[in-house]
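This is what each chain is made of:
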Amino acid sequence: PLLALRVVNLLQERNLLPLGPVTPPTPCLPQDLQKINCHPEVFRSTLTSIPQTQSLLNKAKLPLGLLLHPFKDLSQLPVVTSSTIVRCRSCRTYINPFVTFLDQRRWKCNLCYRVNDVPEEFMYNPVSRSYGEPHKRPEVQNATLEFIAPSEYMLRPPQPAVYLIVLDVSHNAVETGYLDVVCQSLLENINALPGDSRTKIGFITFDSTIHFYNLQEGLSQPQMLIVSDIEDIFLPTPDSLLVNLNECKELVQDLLRSLPQMFGKTMETQCALGPALQAAFKLLSATGGRVSVFQTQLPSLGVGALKSREDPNQRASAKDIQHLSPATDFYKKLALDCSGQQVAVDLFLLSSQYCDLASLGCISRYSAGSVYYYPSYHQQHNPAGVECFQKDLKRYLTRKIGFEAVMRIRCSKGLSIHTFHGNFFVRSTDLLSLPNVNPDAGFAVQMSIEENLVDMQSVSFQAALLYTSSKGERRIRVHTMCLPVVNSLSDIFAGADVQAITCLLASMAVDRSVTASLSDARDAMTNASIDSLTSFRTSVLTIQQPGLLAPACLRLFPLYILALLKQKAFRTGTSTRLDDRVFAMCQLKYQPLAYVMLMIHPALYRVDDLTDEGALNVSERTIPQPRVQQLSVEKLSRDGAFLMDAGSVIYLWIGRNCNPNFLTQVLGLPNYAAVPLNMNMLPELDTAESQRTRVFVGWLREQRPFFPILHVIRDESPLKASFLQNMIEDRTESALSYYEFLLHIQQQVSK
């Protein structure tokens, strides 16, 4: 904690970035508890020391909340099969490492403090095969574990995996060439879709009418059934539109091979997305499942039809951005109907013009689906976008999935949760309805302190996710985190987790932009940094000194806030397409912390001089670890090459006088003039330099579940402006430099 509170004068110390990743603070807990605490990648708090009272929290001016990544792919996950799942009789908390055993037969709940009996079965330890040591059971040794649930955890028999593919086949859609990619990807991955012998699949295509496909076993080829009355959608043959994948695989494969050609000559320009979604809901409501919708334009016919709301002239100048909220409640209402029937909708938006994502996105947001967005998608004109779509689709089709899920987050008596962030529907005060849950989804909650935590050394938080696996097993994944309670401001500051705070504030700001205005949200973020540093200066520092002073643990806070103000979601004065802005907002609310941080503050590395010094060794590979550079043009040197990892995109900037060795050995080019204007691949050359660079880029890509495109940038490249916009520390026509921003904050703090 002493290091965390070291006073840093931000106006003088300019090299604040750590050499590598920013690590979360470790809670000040007894060693034995800390050793088994939940991993911060799965569960973390904005404050690792919880204030004793709400008034103390208010004084610190820091937000209190939790960030979680509950269904994350884990390399090690203890799984427990037991006929009795031990829970507190009063508050239903699952037994966990932070309960207290009063003796062998009684345990005290760490959330409500009730004393419970230890059931007879729990006295036996299946791991050590010994009796009488309940504290050694896996449930009490692991902060993250999974139970295979007995029948009382089922409202109905577990549903099968059900997949419905809904495809826009209007002229616009066919022209992009996306159908080939989707059908090809499904053909390649059809045996890798998560499921068992009960898995079902179905297809709907739509333009101005809705087309169903009869895939009944015994047919010689798939049969297309057209419903042209979009005002009154019905299912033409209800029993053969959703079929068992194993029994009808050949018909499904036939359909996938023929679909791209079927609409090749279409002149249909209209698009009835709303009726197609109603059809999907009707088809899946009996079972539940996943709908994957591929959409390429603004819906123009039937319910849910939309008009363009974007005024291109208004993109740059406006202080306040209009139309961030939906134009209709159709998509939200339908999503809530879907949620009630355990149906989630994932939206793939592949478009070059405005699609009103603010309205369409509601279908995924409230049904616990996800949104994928590929602006300017085109098979010929944008090959890099096609590669990105292919890679994302493979991950999407083959990753783990949970069906008919609910998640509840409990916390110790005295604490309460008041706002949730992510994609779901809040069913009762603390129950999130997740018709599907996927390993790439993040969530956040805001908390308040309702009752003083006076006699408590620590408090606990528990997230329990109940879901049906693709194999039809009901499972419960439980994560428990324990944090100390403190009663001094300096201890609260010492435990501040700057990245978690930034991500929670970003989610809060997205809500604020929609309910109030963008300028309100921007002010609120700036004020968050001013207020917390004012509190630190007036209430924690004993000796007043000049400058803008921050504790070391919050030294990056103003930089991250400035980065948010310049991020696509919140920036002003820079031409930003409305859908791009809304998608950035979706990402901030839904992506887990590790991926959001790169979208807020990209990582810049110099890569023309990569060495093996300090390299990581991961499964037989040596991965160079260049140091992270500040995001400023003055860090770019003409004779170097710099790689910028911005999360969903990676830029490789080549200096005009770049080391010729790098050009030949890594890019395979004779000189700078030969660097093409749009280059998206590093050639596989048989040189040490090429190997090192490709391994480094591959390692960065592996760390996230989506595929960032690589853009090689030179002076004349069309994307140079996007690269430079990520130079957060520099001044632009419409935004302050980092130094100017610090001066602005200092002025407010010193008032």
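Refer to the preceding data block for the structure.
Quick caveat, the model's predicted, so the values are computed rather than measured.

S.K.: Got a minute to help me understand the sheet that holds strand S7 (residues 106-108) in this structure?
M.R.: Backbone hydrogen bonds are what pair the strands of a sheet, in a parallel or an antiparallel way. As summarised here, the arrangement of the three strands in space is S6-S7-S8, forming an open sheet in which the pairing is antiparallel. Every other strand in the sheet has two partners, leaving strand S6 (100-103) and strand S8 (115-117) as the edge strands with one partner each. Each adjacent strand pair in this sheet contributes to an overall mean axis angle of 35 degrees, direction not counted. Bridging between S6 and S7 involves three bridges; their strand directions are antiparallel. Within S7, the residue paired with Thr 100 across the bridge is Lys 108.

S.K.: What am I meant to see in the packing of aromatic side chains here?
M.R.: What describes a pair of aromatic rings is the distance from one ring centre to the other and the angle between the planes of the rings. According to the stated counting rule, one finds 23 aromatic pairs in the structure shown. The interplanar angle of 90 degrees and the centroid separation of 5.1 Å between the aromatic rings of Tyr 605 and Phe 696 together place this pair among those described as edge-to-face. Separated by 91 residues along the polypeptide, Tyr 605 in strand S28 (residues 603-606) and Phe 696 in helix H19 (residues 688-702) bring together distant segments of the chain. Given a relative accessible area of 11%, Tyr 605 falls into the buried group. Ring pairs connect the aromatic residues Tyr 178, Phe 294, Phe 348, Tyr 372, Tyr 374, Tyr 377, Phe 389 and Tyr 396, which therefore count as one cluster.

S.K.: I tried to follow the nonpolar core on my own but got confused; where do I start?
M.R.: Generally speaking, a soluble globular protein has its nonpolar side chains buried in company with each other. If you look at the biggest cluster of nonpolar residues, it comprises 197 residues, and the most contacted ones within it are Ile 210, Phe 461, Phe 570, Leu 643, Leu 652, Ile 654 and Leu 667. In terms of residue count, helix H13 (residues 498-515) provides more of this core than any other element does, nine residues in total. Leaving out residues up to four positions away in the same chain, Leu 643 has contacts with Ala 603, Leu 604, Tyr 605, Val 607, Ile 650, Tyr 651, Leu 652, Phe 696, Val 697, Leu 700 and Leu 710. Core analysis: the next-biggest nonpolar cluster, separate from the first, contains 45 residues, Val 169, Leu 179, Leu 259 and Tyr 374 among them.

S.K.: Would you mind showing me how to read unusual backbone geometry here?
M.R.: One non-glycine residue with positive phi stands out, namely Asp 356, at about 60 degrees. Relative to the assigned elements, Asp 356 resides in the loop between strand S18 (343-351) and helix H9 (357-360). Even without being glycine, Glu 404 reaches a positive phi, approximately 35 degrees. Looking at the secondary structure, you find Glu 404 in strand S20 (residues 402-411).

What counts, and at which threshold
- Residues numbered from 1 in each chain as written.
- Predicted model: local features only at pLDDT ≥ 70, side-chain atom pairs only at ≥ 80, totals over all residues.
- Heavy atoms only, no water.
- Pairing = 2+ DSSP bridges.
- Helix = DSSP H or I, 4+ residues; strand = E, 2+ residues; numbered from the N terminus.
- Axes fitted to C-alpha atoms, helices over the stretch in contact; angles between N-to-C directions.
- Phe/Tyr/Trp six-rings, centres within 6.5 Å; stacked < 30°, edge-to-face > 60°.
- Buried < 20%, exposed > 50% of the residue type's maximum accessible area, 1.4 Å probe, protein only.
- Core = buried A, V, L, I, M, F, W, Y, C linked by side-chain atoms within 4.5 Å.
- Contact = heavy atoms within 4.5 Å.

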